[in-house]
Amino acid sequence: MGRWVIIATDRAKRPSDFQREPVANHPGRFCPFCEGNEDKTPPEILGWRQDGQGPNQKGWSLRVVPNKFPALGIEGELARRGEGLFDKMNGVGAHEVIVETPDHTKSLAQLTEKRVEDVLWAYRDRMLDLKKDKRFRYVLIFKNHGEAAGASLEHSHSQLIALPVVPIYVREEVEGAKTYYNFKERCIFCDIIRQEAASGARVIQETDHFLVLAPYAPRFPFETWILPKQHESAFEDSQSHVFESLARVLKRLLQKLDQVLEYPPYNYVLHTSPLTENTQDYYHWHLEVMPKLTKVAGFEWGSGFYINPTPPEETARFLREASLVEQAERKPVLSPSP
Ligand SMILES: [Zn+2]
Ligand SMILES: [Zn+2]
Ligand SMILES: [Zn+2]
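Values in this document were obtained by computation on a predicted structure and should not be read as measured data.

**Let's talk about the pairing of strand β8 (residues 157-163)**
Two faces belong to every sheet, and in a regular strand the side chains alternate between them. Of all 7 residues that make up β8, 7 are buried, and the element is covered over most of its length. Across the two faces of β8 the burial is the same, with H157, Q159, I161 and L163 and S158, L160 and A162 all buried. Bridge count between strand β6 (residues 94-99) and β8: 6 bridges; the pairing is antiparallel. Residue pairing for β8: A94 is matched across the bridge by A162.

In structure tokens form, the structure reads like this:
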């Protein structure tokens, strides 16, 4: 992407050096995402519950609802037009909320692997559905966890925004990958996976299907990427076993972040192919996870570059060595989902 980062080793920070409030959920307050408050959200788009139960009532394990205060509206035409030398269009898009659990007290890291997998399936189902709408060019899926990371409701949820344009960050990454591919006839992400797996210095976890790593030039301390080893440009086109594997590595990574950084706020963003472009050979979907530990300020706004006090090799070492969580996790994995 042509983006530089400054790894400020003289400011090197250990996990305990970052000052912040641990993210915690406070049961008892009114919450529109809690079970029993189904009528406090717009009618659901998708709901997973036991057979025989109707929508918009209790008994669900996951719901997708329209955002009550959407950034973009679903109705109408784009009506692209000029205003002098400027361009404008109507704010058409879809803004949905994936409520990941009926339990207010549970974070995504604390859900069972099966429930985390359900969340990923919900992303896929919604993407496949929205893909049919020819007005949309990109489906952006992200999660804000904790107030400091932008979550306005603490109940565990992620968001989906279908956009009539390809976002600039996605455009830059896709174009960068295309330039690399035109030069080398190889996918840059596949090359990164090969090189990083061989070196191991920045690898946090490797499984049969995924590589979890601290990227070579991370913008933020403890920034982590999850990359599928099998080349695939669009998340929603992944084979079914991929969702199960991703649920396992995502849950483990979030648990490790909770352990090492003491329940940090974080964002994650799914980077996947634009809907209307054939990026099959050169783009490779992945998930970028960014704990919110530092502030973005003048230097970052002015340059698009970042100052990061934690080298990626340190990030990888801390998260690799957080092995107690992996041990402790084995038990709930074997027990049936609640
Ligand atoms: Zn709630
Ligand atoms: Zn690839
Ligand atoms: Zn990316």
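On we go from here.
**Points about the packing of aromatic side chains**
By the definition in use, this model includes 10 aromatic pairs. Residues F220 and Y306 carry aromatic rings whose centres are separated by 5.1 Å and whose planes lie at 70 degrees to one another, so their mutual orientation is edge-to-face. Residue F220 is located in the loop between β10 (210-213) and β11 (224-228), and its partner Y306 is located in strand β14 (residues 306-308); the two are separated by 86 residues in the primary sequence. According to the relative accessible area criterion, F220 is buried, its value standing at 15%. Ring centres of F222 and F318 lie 6.2 Å apart, and the angle between their planes is 40 degrees; this geometry places the pair in the tilted category. With a gap of 96 residues between them, F222 in the loop between β10 and β11 and F318 in helix α6 (residues 312-321) connect regions that are remote in the sequence. For the pair F222 and F318, one class covers both residues: buried. In textbook terms, an aromatic cluster arises when at least three aromatic residues are bridged by ring pairs, as seen for W121, F210, F235, F243 and W285.

**Brief notes about unusual backbone geometry**
In the Ramachandran plot, N56 falls in the positive-phi region, its phi being about 60 degrees despite a non-glycine side chain. Along the chain, N56 falls in the loop between β2 (46-49) and β3 (60-66). Of note, E185 is a non-glycine position whose phi angle comes to about 60 degrees, a positive value. With respect to the helices and strands, the residue E185 is situated in the loop between α2 (168-184) and α3 (188-199).

**Considering the coordination of the zinc ion (ligand 2)**
Protein ligation of the zinc ion (ligand 2) involves C187 (SG), C190 (SG), H231 (ND1) and H284 (ND1), the donor distances falling in the range 2.0 to 2.3 Å. Seen from the zinc ion (ligand 2), its 4 donor atoms lie at angles of 105 to 115 degrees, and the figure they make is tetrahedral. Of note, the zinc ion (ligand 2) draws all its donor residues from one chain, in the sequence arrangement C-x2-C-x40-H-x52-H. Remark: H284 occurs in the loop between β12 (266-271) and β13 (286-291) and C190 occurs in helix α3; sequence separation between them is 94 residues. The residues C190 and H284 share a single accessibility class, namely buried.

**Overview of the pattern of salt bridges**
Enumeration over the complete set of coordinates arrives at 28 salt bridges. Between D237 and K131 there is a salt bridge whose closest N-O contact spans 3.9 Å. Placement of D237 in the loop between β11 and α4 (240-261) and of K131 in helix α1 (residues 113-131) is noted, with a sequence separation of 106 residues between them. Residue D237 is classed as partly exposed on the basis of its relative accessible area, which comes to 40%.

**Here we look at the pairing of strand β7 (residues 138-145)**
The buried count for β7 comes to 7 of 8 residues, which makes it a mostly enclosed element. Summarising the sheet, β7 and β8 pair through 5 bridges and their orientation is antiparallel. Of the residues in β8, the one forming a bridge with F142 is Q159. The sheet contact formed by β7 and β12 spans 5 bridges and is antiparallel. If you follow K143 over to β12, its bridge partner there is Y268.

**Overview of the nonpolar core**
The biggest cluster of nonpolar side chains holds 53 residues, and the ones touching the most others in it are L108, F222, I226, F235 and L250. For this core, the element with the most residues is α4, which contributes 11 residues. Ranked by size, the runner-up nonpolar core spans 16 residues in total, among them C187, L211, L213 and L227.

**Overview of the sheet that holds β2**
Read from one edge to the other, the open sheet built from 10 strands follows the order β2-β3-β6-β8-β7-β12-β13-β11-β10-β9, with strand pairing classed as antiparallel. Of all strands in the sheet, those bounded by a partner on one side alone are β2 and β9 (203-206). Each strand axis lies, on average, 15 degrees off the axis of its neighbour in the sheet, ignoring direction. With respect to the sheet, α3 is in contact with β9, β10, β11 and β13, its orientation differing from that of β10 by roughly 75 degrees.

**Observations concerning the packing of α4 against α6**
Here α4 crosses α6 at 100 degrees, and the two axes come no closer than 9 Å. Classified by the angle between their axes, α4 and α6 sit roughly perpendicular to one another. Two secondary-structure elements touch here, α4 through L253, K256, L257 and V260 and α6 through F318, L319 and R320. The residue inventory of the contact of α4 with α6, partitioned by class, reads 5 nonpolar, no polar and 2 charged.

Scoring rules and cut-offs
Residues numbered from 1 in each chain as written. Chains lettered and ligands numbered in written order. Predicted model: local features only at pLDDT ≥ 70, side-chain atom pairs only at ≥ 80, totals over all residues. Heavy atoms only, no water. Buried < 20%, exposed > 50% of the residue type's maximum accessible area, 1.4 Å probe, protein only. Helix = DSSP H or I, 4+ residues; strand = E, 2+ residues; numbered from the N terminus. Pairing = 2+ DSSP bridges. Phe/Tyr/Trp six-rings, centres within 6.5 Å; stacked < 30°, edge-to-face > 60°. Donors = N, O, S within 2.8 Å, 3.2 Å for Na, K, Ca; no water. Tetrahedral: all angles 85-135°; square planar, octahedral: opposite > 155°, others 65-115°. Salt bridge = Lys/Arg side-chain N within 4 Å of Asp/Glu carboxyl O. Core = buried A, V, L, I, M, F, W, Y, C linked by side-chain atoms within 4.5 Å. Axes fitted to C-alpha atoms, helices over the stretch in contact; angles between N-to-C directions. Contact = heavy atoms within 4.5 Å. Parallel < 35°, antiparallel > 145°, perpendicular 65-115°, else oblique. Nonpolar A, V, L, I, M, F, W, Y, C, P; charged D, E, K, R; others polar.

By themselves these figures say nothing about function.
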